[in-house]
Amino acid sequence: MIVMLFRSIEDAINKLGIIREQLGKIRSDYAELMSQLKVNADVEERLARSGFRVGHRVITIHTMPHTINIHIAPHSTWLLNKLGTVNERIDYVINRIDEVRNYLARARGGQSSVIVIIDEEKKRTRLVIAP
């Protein structure tokens, strides 16, 4: 869940534009990484078809306040799927930012505070404009 607070509508439009640009750069970096991992995933798939079993080990470290799972390669297919999921969430947030910016561009009340809440898991977006 992403929660953003802005002082004015104009400020929200400008800063959401900056956030969108940064997310676009991250998305392109992920796409490049995913294309490199695709080669390894194809090799793993061929090895699996030929009978070789690709192993995936997880080491769990219990710390305060969270448990950390460390995944040990080779498992490019698994990592490619995880990166794909993250990439889908980035796409969702970028689309929601575009919708909010378009709505705010048409809104009146320039000095109103703006709260944007984007919940990418539940697929909900909330926009609050407060006087």
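Our structure is the block above this text.
Residues numbered from 1 in each chain as written. Predicted model: local features only at pLDDT ≥ 70, side-chain atom pairs only at ≥ 80, totals over all residues. Heavy atoms only, no water.

K.L.:
Report on the packing of aromatic side chains, specifying residues and quantitative values.
P.N.:
Tallied over the entire structure, the rule returns zero aromatic pairs. Positioned over the ring face of tyrosine 92 is lysine 123, at 4.5 Å from the centre of the ring. (Phe/Tyr/Trp six-rings, centres within 6.5 Å; stacked < 30°, edge-to-face > 60°. Lys NZ or Arg CZ within 6 Å of the ring centre and 35° of its normal.)

K.L.:
Outline helix 2 (residues 76-106), listing residues and values.
P.N.:
Between its first and last C-alpha, helix 2 extends 45 Å over 31 residues, near the 45 Å set by a 1.5 Å rise per residue. For helix 2, every residue scored as buried is listed here: Ser76, Leu80, Leu83, Gly84, Asn87, Ile90, Tyr92, Val93, Ile94, Ile97, Val100 and Leu104. (Helix = DSSP H or I, 4+ residues; strand = E, 2+ residues; numbered from the N terminus. Expected span 1.5 Å × (residues − 1). Buried < 20%, exposed > 50% of the residue type's maximum accessible area, 1.4 Å probe, protein only.)

K.L.:
Before we move on, could you go through the sheet that holds strand 4 (residues 113-119) and cite the residues and values that matter?
P.N.:
As summarised here, the arrangement of the three strands in space is 1-4-5, forming an open sheet in which the pairing is antiparallel. In the strand order of this sheet, the two ends are held by strand 1 (2-6) and strand 5 (124-130), each with one partner. Neighbour-to-neighbour, the strand axes of the sheet open up by a mean angle of 10°, direction not taken into account. Both strand 1 and strand 4 contribute to a ladder of five bridges, which runs antiparallel. Within the sheet, the bridge partner assigned to leucine 5 lies in strand 4 and is isoleucine 115. Each of strand 1, strand 4 and strand 5 touches helix 2; the most contacted strand, strand 5, lies at about 30° to it. (Pairing = 2+ DSSP bridges. Axes fitted to C-alpha atoms, helices over the stretch in contact; angles between N-to-C directions. Contact = heavy atoms within 4.5 Å.)

K.L.:
Any details on the pairing of strand 5? Residues and values, ideally.
P.N.:
Two faces belong to every sheet, and in a regular strand the side chains alternate between them. Bridging between strand 4 and strand 5 involves seven bridges; their strand directions are antiparallel. Each bridged residue has a counterpart across the sheet, and for isoleucine 118 the counterpart in strand 5 is threonine 125. What sits between strand 4 and strand 5 in their antiparallel hairpin is a turn of four residues, with lysine 123 showing a positive phi close to 60°.

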